Amino acid sequence: MLRNLIFDWSGTLTDDQGLQLLPQALEFLRFCRATRRWMFLLSMMEETRFAEQATRLGVLPFFEQVKVGGMDLPLLFSDSLETPGRVPWETAAVSGPAA
């Protein structure tokens, strides 16, 4: 069973400009919280820009951890699994289509 979800930001939860949530994004985040899934956000976006967008869209409370501004996504991804109780076989990355 998937218990841990690592989300990307732009093109996954929001449009590429971060102006609005994609259809059903908020509904999916609510579902994940209601079913007690751990949600983590990982993005290369600049920290202050991300904070402004996420605050305006009201989604920060859904995430247990947020890491933004990092250039080494594989390292950030593996670091996210270092949290006690998080195991790789119960974890999925949720990302938009590749450009």
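So, how was this worked out
Residues numbered from 1 in each chain as written. Predicted model: local features only at pLDDT ≥ 70, side-chain atom pairs only at ≥ 80, totals over all residues. Heavy atoms only, no water. Core = buried A, V, L, I, M, F, W, Y, C linked by side-chain atoms within 4.5 Å. Buried < 20%, exposed > 50% of the residue type's maximum accessible area, 1.4 Å probe, protein only. Helix = DSSP H or I, 4+ residues; strand = E, 2+ residues; numbered from the N terminus. Contact = heavy atoms within 4.5 Å. Salt bridge = Lys/Arg side-chain N within 4 Å of Asp/Glu carboxyl O. Pairing = 2+ DSSP bridges. Axes fitted to C-alpha atoms, helices over the stretch in contact; angles between N-to-C directions. Right-handed = clockwise from strand over helix to strand, strands pointing away.

Draft legend 1. Quick peek at the nonpolar core. One finds Phe7, Trp9, Leu13, Leu29, Leu41, Val59 and Phe63 to be the most contacted residues of the largest nonpolar core, which totals 19 residues. Listed by contribution, the elements that provide at least two residues to this core are β1 (4-7), α1 (25-34), β2 (38-43) and α2 (47-57). Residue contacts for Leu29: discarding those within four places in its chain leaves Phe7, Leu13, Met39, Val59, Phe62 and Phe63.

Draft legend 2. Layout of the pattern of salt bridges. Counted by the stated rule, this structure contains two salt bridges. Salt-bridge contacts for Arg3 lead to Glu90; the nearest nitrogen and oxygen are separated by 3.4 Å. Highlighted residues: Arg3 in the segment before β1 and Glu90 in the loop between α3 (73-80) and β4 (91-94), separated in sequence by 87 residues. Overall, Arg3 belongs to the partly exposed group, its relative accessible area being 40%. When its relative accessible area of 19% is taken as the criterion, Glu90 is described as buried. The partner of Glu52 in a salt bridge is Arg56, with the nearest N and O atoms 2.9 Å apart. Of this pair, Glu52 and Arg56 are both found in helix α2, four residues apart, which corresponds to roughly one turn of the helix. The class for Arg56 is partly exposed, based on a relative accessible area of 43%.

Draft legend 3. Summary view of the sheet that holds strand β3 (residues 65-68). The four strands are arranged β3-β2-β1-β4 in an open sheet whose pairing can be described as parallel. This sheet does not close on itself; its edge strands, each paired only once, are β3 and β4. For this sheet, the mean inter-axis angle between neighbouring strands, taken without regard to orientation, is 20°. The sheet contact formed by β1 and β2 spans four bridges and is parallel. Bridge pairing links Ile6 to Phe40 in β2. Most of the contacts of α1 go to β1, to which it runs at about 150°, and overall it touches β1 and β2.

Draft legend 4. Just the pairing of β2, in detail. The buried fraction of β2 amounts to six of the six residues, a majority that puts the element mostly inside the structure. Each parallel crossover has a hand, and the one from β1 via α1 to β2 is right-handed. The pairing of β2 with β3 spans four bridges and is parallel. Among the inter-strand pairings, Phe40 is bridged to a residue of β3, identified as Gln65. Handedness of the crossover is the feature at issue here: the chain leaves β2, passes through α2, returns alongside β3, and the resulting connection is right-handed.

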